[in-house]
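Structural features, examined
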Amino acid sequence: MTLFQWSQLPDPDPHRYVQLIAYTLRNPSFKSEDACAVCKISEREFRFVAGSIYSLNEYQVQKGRPDEIQEWILRPEAYFSYLQYLEFRHAIKASRQATLLALLAIVIAIIGVGLAIPRETLLEKECRTWAEKTMLDMGDRDRSRFAPLLGACMKGGR
C-alpha cells in the first residue's frame, strides 16, 4: 500500500505495555520473567506496570518471584483500553481501504465517462469521407443538368 504513502503515518509497533496485555490475554498464567522476555521489558518495569494493569493479590505484591508461574488477572480498565486500541487500529485500516476504494471508483468513473462520449465509428467516418468527396466532385462538374430534377423535387414536395 504505497499509494500516497507520504501522506500516511506508518503503522507503529504496539507499545510494550500493549504487548504485555495481549500476552496476558493469550496466557493468563505465566512467569513474569517469560512475559518480560517476550515484551522486552525489565522485571522492574514489569512490577511497576503490573500494579496498573493487573488485579494483584497480596502474595503477588509481596512474595511473587519472577521464575514462578502465577495467575494474572487484568483490570477491567486495562482490558477496555486494549479493546479501544484494537478498535482504533481497525478504524485506521478501514480508513485506508476506503480511501483506496474511493480512488478506484473515481478511476472507473473517469473511464466510464470516456467511453460514454460519442465517437465517430469507422463506418460513419467512411460515409462522411465519401460524402465530402462526392460533394467536391459535384462542385467541379456542371450542375445545370441537375436543375430540372431539383425543380421537379421542389414542386412535388420532395
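Our structure's up above, just so we're on the same page.
Notes on the structure in this doc start here. Since the model is a prediction, treat every value here as computed from it, not as a measurement.

Describing unusual backbone geometry
Positive phi, close to 60°, is recorded for Lys-40, a residue that is not glycine. Counting through the fold element by element, Lys-40 comes out in the loop between α2 (32-39) and α3 (43-53). On the accessibility criterion, Lys-40 (65% relative accessible area) is exposed.

Some thoughts on the pattern of salt bridges
According to the stated counting rule, one finds 3 salt bridges in the structure shown. A salt bridge links Arg-16 to Glu-45, with the nearest nitrogen and oxygen atoms 3.1 Å apart. Of this pair, Arg-16 sits in helix α1 (residues 16-26) while Glu-45 is found in helix α3, placing the two residues 29 residues apart along the sequence. Judged by its relative accessible area of 35%, Arg-16 is partly exposed. In this structure, the salt-bridge partner of Glu-43 is Arg-47, at a minimum N-O distance of 3.3 Å. Of the two residues, Glu-43 and Arg-47 both sit in helix α3, 4 residues apart, roughly one turn of that helix. Look at Arg-47 and you get partly exposed, because its relative accessible area is 28%.

Some remarks on the nonpolar core
Counting 19 residues, the largest nonpolar core has Leu-20, Phe-30, Phe-46, Ile-53 and Tyr-54 as its most contacted members. Residue assignment for this core shows that the elements contributing at least two residues are α1, α2, α3 and α5 (76-116). Examining the composition of this core, we find that 5 residues originate from one element, α1, more than from any other. For Phe-46, the contacting residues outside a window of four places in its chain are Leu-20, Phe-30, Ser-32, Ala-35, Cys-36, Ile-41, Tyr-54 and Trp-72.

Conventions we followed
- Residues numbered from 1 in each chain as written.
- Predicted model: local features only at pLDDT ≥ 70, side-chain atom pairs only at ≥ 80, totals over all residues.
- Heavy atoms only, no water.
- Helix = DSSP H or I, 4+ residues; strand = E, 2+ residues; numbered from the N terminus.
- Buried < 20%, exposed > 50% of the residue type's maximum accessible area, 1.4 Å probe, protein only.
- Salt bridge = Lys/Arg side-chain N within 4 Å of Asp/Glu carboxyl O.
- Core = buried A, V, L, I, M, F, W, Y, C linked by side-chain atoms within 4.5 Å.
- Contact = heavy atoms within 4.5 Å.

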